[in-house]
Protein chains: 2
Amino acid sequence: MASIGIKDVAAEAGVSVATVSRALNGHPSVSPAARERVLAAVETLGYRPNAVARSLRTDQTRTLGLVISDVMNPYFTELARSVEEEARALGYSVIIGNADERPDLQDHHVTTLLDRRIDGLLVSPTDGGSPRMLDAARAGTPMVFVDRWIPGVDVPVVRSDGRAAVRDLVAHLYGLGHRRLAIIAGPAATTTGRERVDAFREALGAYGLPLPDAYIGQGDFQADSGRRVTEGFLDLPEPPEVVFAADNLMALGALDAVRARGLRVPEDIALAAFDDIRWFVHTDPPVTAIAQPTGDLGRAAVRALVDRIGGRPGESVTLPARLVVRRSCGEAAPQETPSPSPVRRSTP
Amino acid sequence: MASIGIKDVAAEAGVSVATVSRALNGHPSVSPAARERVLAAVETLGYRPNAVARSLRTDQTRTLGLVISDVMNPYFTELARSVEEEARALGYSVIIGNADERPDLQDHHVTTLLDRRIDGLLVSPTDGGSPRMLDAARAGTPMVFVDRWIPGVDVPVVRSDGRAAVRDLVAHLYGLGHRRLAIIAGPAATTTGRERVDAFREALGAYGLPLPDAYIGQGDFQADSGRRVTEGFLDLPEPPEVVFAADNLMALGALDAVRARGLRVPEDIALAAFDDIRWFVHTDPPVTAIAQPTGDLGRAAVRALVDRIGGRPGESVTLPARLVVRRSCGEAAPQETPSPSPVRRSTP
DNA sequence: ATCCTCCGTGTAATCGATTCCACGAGGAGG
DNA sequence: CCTCCTCGTGGAATCGATTACACGGAGGAT
């Protein structure tokens, strides 16, 4: 059952293990004849190098860890996919850890990944920063935050800035005549959770609209919380005219709640969401959303991380999000907005 | 930068590395005093064992490989999630490889995973079986097929049988008065691609209905193919009254195509899909679908694989799928069918 | 012809754990 | 009191690669 190792190849080719290793790693000082024989031996034996042994010796695994908040969230799924693609192109594998928005699970994955001596870590933190992760960052593990981040840590951040898009959204809603706007917020422990509320409040302020506390529902980025918060909104003596969900799953929950009451979107209440996903085109009604350049984010994050691994600085990147208007806020949109997403960079 | 190793712990605790190793692995013959000192040393030094070195020595990585056809497909996402959960409960990590329905990518991932000496492999084959995978199976790598499988290989299969649910679906459609039923098939190279067509044809036969070739569209489990095939159906001199998509993404594509023509579902054409996903509740209209017990499949697959790794046989499992009626085939359903999915086991 | 350089190669150390084997101390049994 | 086990422990081999170092031979310069 013991698989063939480099020694077997050496024997078959009639050379030493050192020569085999050199031939396989493209080391310059190997004679063409020897290289030839090694390759032939590898072929006939079907030899494959043991990555575990190699990693132990070279102290690099050519593996990246990706810890995300929730794989079932289409946004993160897409992010994970683009991360894996770019990593593969750069010769890395990716191990994904699903934190399910639970700090303890997040820590479990970080620990496991570190134990496996991954070369670098991509994290979208669930909370404000567990000691374990901060330790890792301080200990010099190459690390990059993606989507969400933790303030005060010297780690590059790759994310999307939704501020402008939120302003566009509020302008759109205001233009449609809506004045009572509510938001289903994400956890205050996450940067995205806070930022989206701030951006919303700020945009509202520009139109002289208030954001009363009763119109700020505390969600946790999961569908259930969207449902619960929306029910609360509907029970208010003066319910909002619009509900803005800070992520796509909470929007789904909101849709559930509205439907359960027998109300209609957008006639009875309008709905908008942060994060655009392909299903929003086909929901009833199609949902107006803020789209992040997810693929670009994933690729930029991997490049920044690989830079860090290579000893280079690894730049932070902030990409703009954009508003995609559909029918869920009223008044049919003439067509899908096809504007390509511009790319902007900055280093904080 | 060199992290602390077992030697440092041994020095700190004033014992040998052997004792440290034994203490950490719960070996019986370690004195309480020594164990105490080792644990204390581990604590003060913040020592974490190097999983790479351990794997090299013990020849096990406590890692499972999962190669799936398409992460962006919510069905596989959910599968991956349940696999990871069960694996974690059993002390394993999971490395996910996304094949994107491409045999070459699938091979790449299988090779990479094997190089990393994963303990076992969970595969949902994209094609009829690449040499690389068959080699792996023959070479004795613990392996389990999930969802799709390759005939003629001695590997346990964990999957769902949709035959009965497809019969229920056809009965439902027939009862609604539909007589011209078409299907968007999956790739013939996959078992699920073939089976769903067979089951559909068989169920149609029971009602004396034909399944003409013109009503069998060849898709590839991706949204685009669903769109393309549906357009073909609509161009037919006598278009079908119902389109049954063999997976959820092709159903999405079909919805796109129908919408682009300005037609309505189900008034102009009815739609049903294999694989139920949460968004189908909120699409316009809600989509009638066949739901697989995805979570159970994932968990059963992991258990079978871990059995194999442990030298036990590892049983094949087939679980029934069930029909979930919604509005996309006509006539509003009174309510969501809440029947719990029964569990049945068999060993082929 | 002599010496110096490369060049290709092999031997052996190394990475950080686990584990076989040997050994000494102490207790039980004769 | 001697022998034999058992128990806790440490030394050293081992897993499968990479790589520093040494070495012999060929070729060029003087």
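Structural notes, computed from the coordinates. (Residues numbered from 1 in each chain as written. Chains lettered and ligands numbered in written order. Predicted model: local features only at pLDDT ≥ 70, side-chain atom pairs only at ≥ 80, totals over all residues. Heavy atoms only, no water.)

**Section: the packing of helix 8 (residues 163-175) of chain B against helix 9 (residues 191-206) of chain B**
All names here are of chain B.
- Packing of helix 8 against helix 9 leaves a shortest axis separation of 9 Å and a crossing angle of 45°. Of the possible angle classes, the one that applies to helix 8 and helix 9 is oblique. As for how helix 8 packs across helix 9, the hand of that crossing is right-handed. Mapping the contact onto sequence places R163, V166, R167 and V170 in helix 8 and E195, A199, F200, E202, A203 and L204 in helix 9.
- Among the residues forming the contact of helix 8 with helix 9, the class breakdown is six nonpolar, no polar and four charged. (Axes fitted to C-alpha atoms, helices over the stretch in contact; angles between N-to-C directions. Helix = DSSP H or I, 4+ residues; strand = E, 2+ residues; numbered from the N terminus. Parallel < 35°, antiparallel > 145°, perpendicular 65-115°, else oblique. Left-handed = near helix turned anticlockwise from the far one by under 90°. Contact = heavy atoms within 4.5 Å. Nonpolar A, V, L, I, M, F, W, Y, C, P; charged D, E, K, R; others polar.)

**A word on the pattern of salt bridges**
- Evaluation of the coordinates by the stated rule reveals 38 salt bridges over all chains.
- Taking the shortest distance from any N to any O, the salt bridge between A:E195 and A:R159 comes out at 3.3 Å. Placement of the pair is A:E195 in helix 9 (residues 191-206) and A:R159 in strand 5 (residues 157-161), with a sequence separation of 36 residues.
- The exposure class of A:R159 is buried, given its relative accessible area of 17%.
- Between B:D268 and B:R264 there is a salt bridge, with its nearest N and O atoms 3.6 Å apart.
- A relative accessible area of 38% means that B:D268 is categorised as partly exposed.
- Sharing partners across several salt bridges, the network here consists of A:R81, A:E85 and B:D100. (Salt bridge = Lys/Arg side-chain N within 4 Å of Asp/Glu carboxyl O. Buried < 20%, exposed > 50% of the residue type's maximum accessible area, 1.4 Å probe, protein only.)

**Some thoughts on the relation of the copies chain A and chain B**
- If you rotate chain A by 180° and push it 0.0 Å along the axis, it lands on chain B with an RMSD of 0.1 Å. As the rotation angle and translation indicate, the two copies are arranged about a two-fold axis. The rotation axis passes nearest to the C-alpha of A:T283 in chain A, at a distance of 1.9 Å. (Least-squares fit on C-alpha atoms with pLDDT ≥ 70 in both.)

**Overview of the pairing of strand 11 (residues 317-320) of chain A**
All names here are of chain A.
- Burial along strand 11 is two-sided: V317 and L319 and T318 and P320, pointing in opposite directions, are all buried.
- Pairing of strand 5 with strand 11, which is carried by four bridges, proceeds in the parallel orientation. From the neighbouring strand, D161 faces strand 11, where its bridge partner is P320. (Pairing = 2+ DSSP bridges.)

**Structural notes on helix 8 of chain B**
Residues and elements named next belong to chain B.
- Taking 1.5 Å of rise per residue, 13 residues should cover 18 Å, and helix 8 covers 18 Å from first to last C-alpha, within 8% of that figure.
- What helix 8 keeps buried is the set A165, V166, L169, V170, H172 and L173. Buried positions in helix 8, seen along its axis, are confined to an arc of 155° and lie on one side of it.
- Contacts made by the buried residues of helix 8 are with strand 6 (181-185), helix 9, strand 8 (242-245), strand 9 (270-274), strand 10 (288-291) and strand 12 (322-324).
- Where helix 8 terminates, the next one or two residues include G177, which has phi positive at roughly 95°. (Expected span 1.5 Å × (residues − 1). Arc of directions from axis to C-beta.)

**Some remarks on the sheet that holds strand 2 (residues 93-98) of chain A**
Residue and element names in this part refer to chain A.
- A sheet is described by the order of its strands in space; here six strands give the open sequence 2-1-3-4-5-11, paired in parallel fashion. Each edge of the open sheet carries a strand with a single partner, namely strand 2 and strand 11. Going across the sheet, the axis of each strand differs from the next one's by a mean of 20°, ignoring polarity.
- With three bridges joining them, strand 3 (residues 120-123) and strand 4 (residues 143-146) adopt parallel strand pairing. Residue pairing in the sheet places L121 in a bridge with M143 of strand 4.

**Examining empty space enclosed by the protein**
- Enumeration according to the criterion identifies four cavities of 30 Å³ or more in this entry.
- Taken as a whole, the largest cavity holds about 200 Å³ of empty space.
- Around the largest cavity, the lining comprises 16 residues; the ones closest to its centre are A:V71, A:I96, B:V71, B:A80 and B:I96.
- Within the residue set of the lining of the largest cavity, elements represented by two or more residues are helix 5 (74-89) and strand 2 of chain A together with helix 5 (74-89) and strand 2 (93-98) of chain B.
- Split by residue class, the lining of the largest cavity holds eight nonpolar, four polar and four charged. (1 Å grid on protein atoms, 1.4 Å probe; cavity = no way out; pocket = protein on both sides within 12 Å on 5 of 7 lines; lining within 4 Å. Points joined across faces, edges and corners; volume = space filled by probe spheres on them.)

**Quick look at the protein's contact with DNA strand C**
- Every one of the 25 residues lining DNA strand C counts as a neighbour, but A:T19, B:I6, B:S21, B:N50 and B:R57 are closest to it.
- Within 4 Å of the protein, the contacting atoms of DNA strand C are 59% sugar and phosphate, with bases supplying the remainder.
- B:N50 is positioned with one of its backbone polar atoms (N or O) 2.7 Å from a phosphate oxygen of DNA strand C.
- Ranked by residue count, the leading element in the surface near DNA strand C is helix 4 (residues 51-58) of chain B, at five residues. (Near = heavy atom within 4 Å. Polar contact = N/O pair within 3.5 Å; in protein donor to acceptor, adjacent residues only side chain to side chain.)

**A look at the interface of chain A and chain B**
- Listed as interface residues are 54 residues of chain A and, on the opposing side, 54 residues of chain B.
- Summed over both partners, the interface of chain A with chain B buries about 4,700 Å², with 58% contributed by carbon and sulfur atoms.
- Between the two partners, chain A and chain B, sit four salt bridges.
- Our count for the contact surface shared by chain A and chain B stands at 20 residue pairs in polar contact (both at pLDDT 80 or more).
- Every element with two or more residues in the side of chain A that touches chain B is listed here: helix 4 (51-58), helix 5, strand 2, helix 6 (103-115) and helix 11 (248-260) of chain A.
- Here the side of chain A that touches chain B takes seven residues from helix 5 of chain A, the largest share from any one element. (Buried area = accessible area lost by both parts, 1.4 Å probe.)

**Regarding the protein's contact with DNA strand D**
- A:I6, A:S21, A:R57, B:T19 and B:S31 are the nearest of the 25 residues found near DNA strand D.
- Taking all atoms of DNA strand D within 4 Å of the protein, the share assigned to sugar and phosphate is 61%.
- Here a phosphate oxygen of DNA strand D sits 2.8 Å away from a polar atom, N or O, in the side chain of A:Y47.
- Between DNA strand D and the protein, one listed contact pairs a base nitrogen with a backbone N or O atom of A:A53 at 3.5 Å.
- Broken down by element, the residue count for the surface near DNA strand D peaks at five residues, all from helix 4 of chain A.

**Some thoughts on the sheet that holds strand 2 of chain B**
Residue and element names in this part refer to chain B.
- With parallel pairing, six strands are arranged side by side in an open sheet as 2-1-3-4-5-11. Whereas interior strands pair on both sides, the edge strands pair on one side only; in this sheet they are strand 2 and strand 11 (317-320). Across the sheet, the mean angle separating the axes of adjacent strands is 20° when strand polarity is ignored.
- Pairing of strand 4 (residues 143-146) with strand 5 (residues 157-161) involves two bridges; the strand directions are parallel. Looking across to strand 5, one finds that V146 is bridged to V158.

**Some words on the packing of aromatic side chains**
Residue and element names in this part refer to chain B.
- Taken as a whole, this structure holds eight aromatic pairs over all chains when the rule is applied.
- On the numbers, 5.1 Å between centres and 40° between planes, the contact of F200 with F244 is tilted. In this pair, F200 is assigned in helix 9 and F244 in strand 8, connecting sequence segments 44 residues apart.
- A residue is classified by how much of its surface remains accessible, and F200, at 0% relative accessible area, is buried.
- In this structure F244 comes out as buried when scored by relative accessible area, which is 0%. (Phe/Tyr/Trp six-rings, centres within 6.5 Å; stacked < 30°, edge-to-face > 60°.)

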